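Structural characterization, general
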Amino acid sequence: MALGPCKWISTITFAFLLVMFTVTLWSLESNQVQYPFAGDLTKMILGKLEGWSLSKHGVITEEGKRGAKSVGPNMTSCHPSYGRKDLLVDCCPPGFQLPLPFVDFQFPDPQSPLRIHRPAHAVDVDYIAKYDKALSIMKSLPHHDPRSFSRQANLHCLFCTGAYDQQNSNAPLSIHRTWLFFPWHRMMIYFHERILGSLIGDETFALPYWAWDIPQGMIK
Ligand SMILES: *[C@@H]1O[C@H](CO)[C@@H](O)[C@H](O)[C@H]1NC(C)=O
């Protein structure tokens, strides 16, 4: 199987992480530290690697179906999905049967003003008022506006409850518990932040973050 340069870099990174992970488990074991889920974790990681290496160009091959966990969503396959075991929800966007083409990501102009993220414990009343205003405007937008609060909540619902099927497959796509978890949520927050800023005409608006690793940020 021929691999492109990006896949080679990913392969090397994966291999490195896997070796480090194994070494960590081995050293924990040899130091008699209890680590009851080590076996499950190793199996899960190996399972992901198998699925990844067997799926080519986002298309699941027959042999790849066993292990492959996530490829692209089939945007015309939206259907009600289970938010919880006992809760069927319908988060499909209006007109999903005829989706618009994907738009490639454009990097922002490097000359545009910087957004400075502040730790949540250090924001002031002016900042809270600004955030509050942006959220109120977002919540007042009609449902057909994709920038509205409900549509953004639905976006998360769609991808976390398996409302879309994967392409060329009827297996649901879920971004949770897969390698898409971090990039997908980063993408969602990236655009959420920009929409909030644009609603109050502030190109520097930045969401606060939780500084969980310093005493001032720790929740008592
Ligand atoms: C996407 O879903 C639609 C509707 O279920 C189906 O007809 C179509 O074949 C699917 N396309 C792919 C590429 O999986």
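In this text, all values refer to a predicted model and were calculated from it rather than measured experimentally.

**A short note on the overall build of the protein chain**
Across its full length, the protein chain carries 5 helices and 4 strands. Along the protein chain, helices (α) and strands (β) appear in the sequence α-α-β-β-β-α-α-β-α when read from the amino end. Every one of the 220 residues in the protein chain was classed for burial, and the buried ones make up 27%. At a minimum sequence separation of 6, the contacts of the protein chain that also span at least 24 residues come to 60%. When the accessible surface of the protein chain is summed, it comes to about 15,600 Å², and 65% of that surface belongs to carbon and sulfur atoms.

**Looking at the nonpolar core**
Taken as a class, soluble globular proteins show a tendency for nonpolar side chains to be buried jointly. Ranked by internal contacts, the top residues of the largest apolar core, which has 13 residues, are Cys78, Leu158, Phe159, Tyr164, Ile175 and Trp184. When contributions to this core are tallied by element, the ones reaching two or more residues are helix H4 (149-160) and helix H5 (181-199). A per-element tally of this core places H4 first, with 3 residues. Apart from the residues lying within four places of it in its own chain, the contact partners of Ile175 are Phe159, Cys160, Leu180, Phe181, Trp184 and His185. The next biggest cluster of nonpolar side chains, apart from the first, holds 10 residues, and it includes Ala134, Leu141, Leu196 and Ile200.

**Description of unusual backbone geometry**
The backbone of Asn168 shows a phi angle near 55°, a positive value even though the residue is not glycine. Phi is positive for Arg177, close to 60°, though the residue is something other than glycine. Note that Arg177 resides in the loop between strand S4 (165-166) and H5. You can call Arg177 exposed: its relative accessible area is 74%.

**Digging into the pairing of strand S2 (residues 81-84)**
The pairing of S2 with strand S3 (residues 87-89) spans 3 bridges and is classified as antiparallel. The residue bridging Tyr82 from the neighbouring strand is Leu88, located in S3. In this antiparallel pair of consecutive strands, S2 and S3, the connection spans 2 residues.

**With respect to the environment of Gln97**
By secondary structure assignment, the location of Gln97 is in the loop between S3 and helix H3 (125-140). The exposure class assigned to Gln97 is partly exposed, which follows from its relative accessible area of 49%. Between the C-alpha atom of Gln97 and that of Ser77, which follows or precedes it by 20 residues, the distance is 7.6 Å.

**Things to note about the side chain of His192**
The residue His192 is located in helix H5 in this model. Overall, His192 belongs to the buried group, its relative accessible area being 14%. When sequence neighbours within four positions are dropped, the list of residues in contact with His192 reads Met138, Gln152 and Leu207.

**Let's talk about the site of the ligand**
By nearness alone, every residue bordering the ligand is listed as Asn74, Thr76, Ser77, Gln167 and Asn168. Burial of the ligand by the surrounding chains reaches 41%, relative to a free accessible area of 360 Å². Residues of the shell around the ligand, tallied by class, amount to no nonpolar, 5 polar and no charged.

**Considerations on the state of the cysteines**
If you walk through the whole model with that rule in mind, you get 2 disulfides. Sulfur-sulfur distance for the disulfide between Cys91 and Cys157 comes to 1.9 Å. Between Cys91 and Cys157, the disulfide has an S-S torsion of 70° and is therefore right-handed. With Cys91 in the loop between S3 and H3 and Cys157 in helix H4, the pair connects residues that are 66 residues apart, well separated along the chain. Across the protein chain, the disulfide pattern expressed with sequentially numbered bonded cysteines is 1-3, 2-4.

The rules behind the values
Residues numbered from 1 in each chain as written. Predicted model: local features only at pLDDT ≥ 70, side-chain atom pairs only at ≥ 80, totals over all residues. Heavy atoms only, no water. Helix = DSSP H or I, 4+ residues; strand = E, 2+ residues; numbered from the N terminus. Buried < 20%, exposed > 50% of the residue type's maximum accessible area, 1.4 Å probe, protein only. Contact = heavy atoms within 4.5 Å. Areas by Shrake-Rupley, 256 points an atom, 1.4 Å probe, with all protein chains shown as cover. Core = buried A, V, L, I, M, F, W, Y, C linked by side-chain atoms within 4.5 Å. Pairing = 2+ DSSP bridges. Near = heavy atom within 4 Å. Nonpolar A, V, L, I, M, F, W, Y, C, P; charged D, E, K, R; others polar. Disulfide = S-S within 2.5 Å.

The values are spatial; any link to function lies outside them.
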